[in-house]
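Examination of the molecular architecture
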2 protein chains.
Amino acid sequence: SASADKIEEEVAAVVEEAKEISDAVSAHISRNLSDEQPLRQRVLALDSKIHSLRSSLYSLLSHKHLNPNLADKLDEDLQRARCILVDGDASSLLPGHAQGRFLRMFLGPINVRASRKDVQLKVKEEYNSYRDRTALLFLLFPAMLLVLRSWIWDGCLPAFPVQVYQAWLLFLYTGLALRENILRVNGSDIRPWWIYHHYIAMLMALVSLTWEIKGQPDCAKTQRGVQLFLQWAMMQGVAMLLQNRYQRQRLYTRIALGKAKRMDVVWGETAGVDGQLWLLCPILFILQGFEAYVGLLLLQTAFVGVISEWQVIFCGILLVLMAIGNFTNTVQILMTKSRF
Amino acid sequence: SASADKIEEEVAAVVEEAKEISDAVSAHISRNLSDEQPLRQRVLALDSKIHSLRSSLYSLLSHKHLNPNLADKLDEDLQRARCILVDGDASSLLPGHAQGRFLRMFLGPINVRASRKDVQLKVKEEYNSYRDRTALLFLLFPAMLLVLRSWIWDGCLPAFPVQVYQAWLLFLYTGLALRENILRVNGSDIRPWWIYHHYIAMLMALVSLTWEIKGQPDCAKTQRGVQLFLQWAMMQGVAMLLQNRYQRQRLYTRIALGKAKRMDVVWGETAGVDGQLWLLCPILFILQGFEAYVGLLLLQTAFVGVISEWQVIFCGILLVLMAIGNFTNTVQILMTKSRF
Ligand SMILES: CC(C)(COP(=O)(O)OP(=O)(O)OC[C@H]1O[C@@H](n2cnc3c(N)ncnc32)[C@H](O)[C@@H]1OP(=O)(O)O)[C@@H](O)C(=O)NCCC(=O)NCCS
Ligand SMILES: CC(C)(COP(=O)(O)OP(=O)(O)OC[C@H]1O[C@@H](n2cnc3c(N)ncnc32)[C@H](O)[C@@H]1OP(=O)(O)O)[C@@H](O)C(=O)NCCC(=O)NCCS
């Protein structure tokens with residue numbers, strides 16, 4: 001019949017079209033890759049050229065072949081050139097940090113590198129706002145537990161809400177660690193320590209979940225560890241809020257500069273934000289001291305024999321480790337920044 | 001001096017080159033996007049054309065305007081056309097499943113869709129081999145615990161190794177859930193239930209971590225729940241091994257067909273693998289029955305009053321829920337497959 005003939009024709013046409021499109025798409029993809037190749041090589045060559053010019057600049061300066069004012073200006077120009085690469089679309093062609101074991105363990109071999117700079121910035125902004133949202137909870141959740149403890153629960157924390165809180169911490173730190181790994185793959189210069197810090201925090205949340213929360217009698221003693229932990233968590237919330245404020249401003253300054261640079265505006269306007277760093281750091285040092293103090297108190301309660309569970313000793317050691325690591329890394333960052 | 005002039009010139013050249021490259025890369029990226037646009041539209045149009053032809057085919061057939069043999073052949077042709085799209089590079093232009101809440105919660109707004117079909121297949125293969133590796137551990141880890149329990153630990157499981165095992169389960173299920181979500185974004189037709197199933201399993205592992213493991217005296221009674229849980233986990237390992245064997249063969253058949261299709265080899269060779277499904281399913285049904293049985297036993301121990309922790313009741317309910325869901329979904333899959 002006519003309709004049968006017609007549909008037969010149409011089906012044949014569709015099969016042909018499918019083959020054609022499939023080939024066209026394959027051709028398009030390989031054409032794109034081969035067009036990209038020379039650009040990638042130019043970007044890489046320029047990047048290494050910038051590095052080598054920078055070291056010649058320093059050696060000329062140290063041999064007094066160059067006027068220091070001129071050297072400063074040239075160094076600024078080189079920094080600007082590097083920023084044009086790093087903060088523009090070209091950054092997608094620069095090799096990022098390799099995708100580490102942590103991401104592969106959870107996600108498999110999928111590529112999480114964004115090819116456009118605006119997507120990379122969006123990821124970074126979303127990370128910042130995620131941290132903002134959680135920092136508030138970080139403050140309120142343990143505060144609520146501690147307040148309810150003295151007002152309603154008669155000085156004795158019930159196990160369930162504490163466990164919900166610990167599970168939430170585990171979830172949160174896992175998310176942060178995954179996101180930071182993704183940022184690193186997308187070219188962020190985040191120090192590996194801040195990521196390890198979250199691995200340790202994940203481990204601590206996991207261990208604290210298995211930590212048996214004893215009730216009456218004598219809560220004040222047996223729950224001393226949990227209580228210290230909650231107090232430290234509140235401190236962590238304060239630290240995060242302050243750090244976020246600083247880091248968000250830093251990002252916005254960089255985005256603004258990224259746009260400005262194309263218009264050859266003078267470089268070096270991060271000074272305002274860097275000033276904030278000197279305000280933030282004393283607070284961070286105090287918090288890090290408190291972190292170590294809580295760790296040592298945990299170890300003390302364990303060794304004096306009030307609580308003898310291994311979880312208490314383990315968390316105590318981890319807290320002290322984290323405090324030491326945070327402190328050394330903050331000092332190193334300050335030293336690097338003041339050198340410029 | 002001469003060297004100062006030279007370096008000044010070179011720095012200026014580098015800044016110029018950086019601007020040029022940055023613009024060239026931006027231009028390349030937008031050119032690529034605009035070249036892709038018409039291809040994407042053709043792919044989408046063809047995809048909906050295939051769907052509409054398929055429904056006309058069925059309506060012609062039901063009105064007896066078409067000879068059934070011809071209809072079969074045309075239907076096969078349409079399936080082939082669809083597979084050329086889905087199993088080739090063109091699939092990167094078809095809309096995949098949207099990236100769900102779970103991925104956004106853990107990873108933020110990063111795109112995990114692979115643009116090349118061979119990468120998508122690599123992700124799938126890696127998922128299968130990940131499951132193979134873990135299925136063995138799934139079998140051996142609880143088996144070891146149960147053997148050590150009766151040989152060395154005098155019928156009493158110590159808390160620590162069980163908690164390590166539960167933490168490992170939590171990690172594992174999180175990884176599986178993330179990977180399955182990624183597969184879905186990359187165009188896999190995995191039923192949402194199998195992913196929800198892993199969310200429930202994550203929750204169960206988390207809850208079981210807070211489950212206090214009581215030692216002497218009277219382990220046999222107080223540890224009944226843990227023991228049942230371990231036995232069910234071994235079963236799960238067996239199910240995974242069998243399922244993997246089947247699913248790997250299915251994938252290889254599809255890859256082989258994907259290559260064959262371009263050479264117009266006759267369609268419909270999955271019959272061999274589909275036969276295996278009828279062998280696999282009775283075993284799956286037995287395992288699902290056992291899953292429900294373990295869940296009910298847990299509920300019983302809780303209600304008879306041997307163990308009164310909420311964790312036992314909760315895990316019991318979750319196990320029964322999972323058994324029901326697994327059963328209904330397996331039956332639905334069998335019904336869909338036998339209709340062809
Ligand atoms: C000290 C500190 C303020 C310095 O921040 P900074 O000036 O941004 O440091 P850097 O210049 O080295 O930053 C390099 C990159 O790492 C990121 N980064 C720095 N510290 C980070 C942290 N703790 N977490 C996540 N990312 C961080 C920056 O955003 C930047 O990213 P980018 O390359 O994508 O722009 C910051 O590291 C910090 O607050 N650390 C936490 C301190 C702490 O001890 N907290 C716990 C107390 S209880
Ligand atoms: C029943 C079963 C064998 C059917 O498998 P199937 O024939 O591949 O099913 P479908 O045709 O619906 O598969 C569609 C897609 O989902 C995937 N898929 C199916 N079941 C899956 C599962 N349980 N986990 C992960 N992916 C699964 C398939 O690989 C396929 O992917 P693709 O589109 O990328 O090729 C399978 O679902 C299964 O083994 N389920 C688990 C049964 C169970 O109850 N286990 C626990 C017992 S204690």
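Look above for the structure.
Residues numbered from 1 in each chain as written. Chains lettered and ligands numbered in written order. Predicted model: local features only at pLDDT ≥ 70, side-chain atom pairs only at ≥ 80, totals over all residues. Heavy atoms only, no water.

Digging into the site of ligand 1
Residues and elements named next belong to chain A. The environment of ligand 1 is made up of 24 residues, and the closest members are Lys-124, Tyr-246, Gln-247, Gln-288 and Lys-337. Within the side chain of Lys-124, an N or O atom sits 2.7 Å from an oxygen atom of ligand 1. Ile-190 has a polar backbone atom sitting 3.5 Å from an oxygen atom of ligand 1. In isolation ligand 1 offers 900 Å² of accessible surface; the protein chains occlude 92% of this area. Elements with a contribution of two residues or more to the shell around ligand 1: helix H4 (117–151), helix H8 (224–262), helix H9 (271–304) and helix H10 (310–339). (Near = heavy atom within 4 Å. Polar contact = N/O pair within 3.5 Å; in protein donor to acceptor, adjacent residues only side chain to side chain. Areas by Shrake-Rupley, 256 points an atom, 1.4 Å probe, with all protein chains shown as cover. Helix = DSSP H or I, 4+ residues; strand = E, 2+ residues; numbered from the N terminus.)

So, a nonpolar patch on the surface
Residues and elements named next belong to chain A. A contiguous nonpolar patch, built from Leu-136, Leu-140 and Leu-241 and spanning about 260 Å² of accessible area, is present on the exposed surface. Within the element layout of this structure, Leu-241 appears in helix H8. With relative accessibility at 30%, the residue Leu-241 sits in the partly exposed group. (Patch = residues over 30% accessible without salt bridge, like charges linked within 9 Å, V, L, I, M, F, W, Y side chains within 5 Å. Salt bridge = Lys/Arg side-chain N within 4 Å of Asp/Glu carboxyl O. Buried < 20%, exposed > 50% of the residue type's maximum accessible area, 1.4 Å probe, protein only.)

Overview of the site of ligand 2
All names here are of chain B. Contacts to ligand 2 come from 24 residues, most closely from Lys-124, Tyr-246, Gln-247, Gln-288 and Lys-337. The contact in question runs from a nitrogen atom of ligand 2 to an N or O atom on the side chain of Arg-131, over 3.4 Å. In isolation ligand 2 exposes 890 Å². Once the protein is present, 92% of that is buried. Mapped by element, the contributors of at least two residues to the shell around ligand 2 are helix H4 (117–151), helix H8 (224–262), helix H9 (271–304) and helix H10 (310–339). Broken down by element, the shell around ligand 2 gets its largest block of residues, seven residues, from H8. Along the lines of polarity and charge, the residues of the shell around ligand 2 split into nine nonpolar, seven polar and eight charged. (Nonpolar A, V, L, I, M, F, W, Y, C, P; charged D, E, K, R; others polar.)

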